[in-house]
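Fold and contact review
One letter stands for each residue in the lines below.
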Amino acid sequence: RLIASVNTNFADLLKFMYGTGCRPAEAYHLEARYYNAADRCIIYPGQPGPDDFVWKNAPRTGQDRIIYLNDELAEMVERRCQQYPQGYLFRTKRNTRWSNEAVSTMLRWYCAEERLNIAPVPTAYGCRHSYATDFLADGKSIKVLAELLGTSVTMLEKHYAHLQVKKAKMLSMVRE
């Protein structure tokens, strides 16, 4: 309901964040140069240059951050790469990079009682948590999820272990 009600630019950003489970900053800093068309994925370098986006774990691991895209997201990114061959792919209506504050403001505006009446108001990082929760609720591997999210199994177990315990119950709810 939220995505159907927002403008196209904001809807694309929300779809991208929820559809990949990426960190909000990874979406905000996405540029055409990070898109690998052959493999249909985003690659942030593990050893970034001076003008590169430094993803959260790059300084610690030195590994590339790969964000895998389904067909729909790959088509969206390709469209945006054509539209914005330089600079950020996801932009505000003022043609600037999104920020947590800007996303929060938009979410509060759309979710207000007089508009969509959604409470509590979702957050940008909530897209990542929803992705992880849905992934685990579908009975998929926590090891695969760690790779998709660019984090460790230990970190996921710390935050989502309760889902593994309730997996059977959640699977039955999802399949109803």
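Above this text is the structure in question.
In short, a report on the structure.

**Thoughts on the sheet that holds strand S3 (residues 65-68)**
Strand order in the open sheet formed by 3 strands is S1-S2-S3, and the pairing between neighbours is antiparallel. Both outer strands of the open sheet, strand S1 (35-36) and S3, are each paired with one neighbouring strand and no more. Note: S1 against strand S2 (residues 41-44), 2 bridges, orientation antiparallel. Among the inter-strand pairings, tyrosine 35 is bridged to a residue of S2, identified as isoleucine 42.

**So, the packing of aromatic side chains**
Throughout the structure, instances matching the rule amount to 7 aromatic pairs. With 6.3 Å between their ring centres and 15° between their planes, phenylalanine 10 and tyrosine 110 make a pair best called stacked. You can see phenylalanine 10 sitting in helix H2 (residues 8-20) and its partner tyrosine 110 sitting in helix H6 (residues 100-111), a full 100 residues away along the chain. In this structure phenylalanine 10 comes out as buried when scored by relative accessible area, which is 0%. The buried category is assigned to tyrosine 110, whose relative accessible area is 11%. Joined through ring pairs, the aromatic side chains of Phe10, Trp98, Trp109 and Tyr110 make up one cluster. The side chain of arginine 97 reaches across the aromatic face of tyrosine 88, ending 5.8 Å from its centre. The ring of tryptophan 109 is capped by arginine 115, whose NZ or CZ atom sits 3.6 Å from the centre of that ring.

**Brief notes about the pattern of salt bridges**
On inspection of all chains with the given rule, the structure shows 10 salt bridges. Note that glutamate 26 and arginine 23 form a salt bridge whose closest N and O atoms lie 2.8 Å from each other. Across this residue pair, the class does not change: glutamate 26 and arginine 23 are buried. A salt bridge links aspartate 138 to lysine 140; its shortest N-O distance comes to 4.0 Å. Within the structure, one salt-bridge network assembled from shared partners comprises Asp12, Arg79 and Arg80.

**A closer look at the side chain of aspartate 12**
You can see aspartate 12 is positioned in helix H2. Assessed through its relative accessible area of 3%, aspartate 12 is described here as buried.

**Remarks on the environment of proline 24**
Summarising the element assignment, proline 24 is placed in helix H3 (residues 24-28). Given a relative accessible area of 4%, proline 24 falls into the buried group. Separated by 10 residues in sequence, proline 24 and leucine 14 place their C-alpha atoms 9.4 Å apart. Contacts of proline 24, omitting those with residues within four sequence positions, involve Met17, Asn100, Ala124 and Tyr125.

**Observations regarding the packing of H2 against helix H7 (residues 124-137)**
At their nearest, the axes of H2 and H7 sit 7 Å apart, and the two run at 35° to each other. You can see that H2 and H7 cross each other, and the crossing is right-handed. In contact with Leu14, Met17, Tyr18, Gly19 and Thr20 of H2, H7 contributes Ala124, Cys127, Ser130, Tyr131 and Asp134. Among the residues making up the contact of H2 with H7, the classes are represented as 6 nonpolar, 3 polar and 1 charged.

What counts as what
- Residues numbered from 1 in each chain as written.
- Predicted model: local features only at pLDDT ≥ 70, side-chain atom pairs only at ≥ 80, totals over all residues.
- Heavy atoms only, no water.
- Pairing = 2+ DSSP bridges.
- Helix = DSSP H or I, 4+ residues; strand = E, 2+ residues; numbered from the N terminus.
- Phe/Tyr/Trp six-rings, centres within 6.5 Å; stacked < 30°, edge-to-face > 60°.
- Buried < 20%, exposed > 50% of the residue type's maximum accessible area, 1.4 Å probe, protein only.
- Lys NZ or Arg CZ within 6 Å of the ring centre and 35° of its normal.
- Salt bridge = Lys/Arg side-chain N within 4 Å of Asp/Glu carboxyl O.
- Contact = heavy atoms within 4.5 Å.
- Axes fitted to C-alpha atoms, helices over the stretch in contact; angles between N-to-C directions.
- Left-handed = near helix turned anticlockwise from the far one by under 90°.
- Nonpolar A, V, L, I, M, F, W, Y, C, P; charged D, E, K, R; others polar.

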